[in-house]
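Coordinate analysis (summary)
Okay, here's what each chain looks like letter by letter:
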Amino acid sequence: MKPLLQVDKLRAGYGAVEVLHGVGLRVEAGEAVAVLGPNGAGKSTLLRTLSGLARAAAGEILLDGAPIQALPAHRIVGAGLVQVPEARHIFPYLTVLENLRVGATPVRDPAHKEQTLERVFTLFPMLRDKAKSPARTLSGGQQQMLAIGRALMGRPRLLMLDEPSLGLAPRVVEEVYEALRQLRSASGLTILLVEQDVYQALDFADRAYVLQNGEFALSGSSAELRNNDTIRAAYLGM
Ligand SMILES: Nc1ncnc2c1ncn2[C@@H]1O[C@H](COP(=O)(O)OP(=O)(O)OP(=O)(O)O)[C@@H](O)[C@H]1O
Ligand SMILES: [Mg+2]
């Protein structure tokens, strides 16, 4: 069977500066896959390139077997690859509901939109309670849930998250990951996430890749990586 996402020999960067030096990655339908790595390794660049916000200089990005690397970003969202950006980027002066509606832009059928909104509210009841509140009045954790909810409004086939734990207190990080677990068990959604919180990421994901200086240094099942000496020393402080 074709993987849902297949990336081969991907090179990308900013202007003349290459950040990704030929990375390859696969995500099967239903999997949760994590990309780990230190500051500046190129994790966000990888997600941005997959989303079409940064351009691939070489290589191939296949979604369900079809090349997407030449598509404009909105078409990539339309094809089902939706990203929750780093630092969330919600619209602070719009209400929670208005933020969610922005996420539904790729969905045409109004009935479909309402159905999806209902699903998001069921998953995150807090968003229903706060539907009319300006997004800026939400706590950091609630804003992260909103950012995830907004991405879900686009009906992703593959949800990509850039450091969902960033800037959140440990208890709130737990809540966000609990919500992601619920989302997976409720819908079987395929997830690709980038994370510096290696402990959380390996706890959540089925498999992971370790990005170092724009190349994958290591990959394996989360269980394998948790027991890997390099990972334990470099990331888990053991
Ligand atoms: N818009 C940009 N223009 C030029 N260089 C950039 C830009 N964004 C990132 N870079 C550079 O690309 C490299 C990779 O950055 P990237 O943000 O992808 O790393 P990251 O792994 O996401 O790091 P972090 O963990 O800090 O989020 C870094 O050297 C960074 O300085
Ligand atoms: Mg980043």
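What comes next concerns the included structure. All figures in this text were calculated on a predicted structure; none of them were measured in a lab.

Conventions adopted
Residues numbered from 1 in each chain as written. Chains lettered and ligands numbered in written order. Predicted model: local features only at pLDDT ≥ 70, side-chain atom pairs only at ≥ 80, totals over all residues. Heavy atoms only, no water. Helix = DSSP H or I, 4+ residues; strand = E, 2+ residues; numbered from the N terminus. Pairing = 2+ DSSP bridges. Axes fitted to C-alpha atoms, helices over the stretch in contact; angles between N-to-C directions. Contact = heavy atoms within 4.5 Å. Left-handed = near helix turned anticlockwise from the far one by under 90°. Nonpolar A, V, L, I, M, F, W, Y, C, P; charged D, E, K, R; others polar.

What follows is about the environment of R75. Mapping R75 onto the fold places it in helix α2 (residues 73–78). Taking the C-alpha atoms as reference, R75 lies 14 Å from A54; in sequence the two are 21 residues apart.

As a further point, take the sheet that holds strand β3 (residues 32–36). In spatial order, the strands read β6-β7-β8-β3-β9-β10; together these six strands make up an open sheet with mixed pairing. Two strands close off the open sheet at either side, each with one partner strand: β6 (81–84) and β10 (215–221). The mean inter-strand angle of the sheet, taken between neighbouring strand axes irrespective of direction, is 20°. In this structure, β6 lies alongside strand β7 (residues 158–162), joined through four bridges in parallel fashion. Looking at the pairing, Q83 lines up with M160 of β7. Contacting β6 and β7, helix α6 (residues 140–152) crosses the sheet at an angle of about 165° to β6.

Two numbers describe how helix α3 (residues 96–103) lies on α6: the axes approach to 7 Å, and their chain directions differ by 35°. Relative to α6, α3 is oriented so that their crossing is right-handed. Contacts between α3 and α6 pair V96, N99, L100 and G103 from the former with L146, G149 and R150 from the latter. Class assignment for the residues of the contact of α3 with α6 results in three nonpolar, three polar and one charged.

The quantities given are spatial measurements derived from coordinates; they are silent on function.
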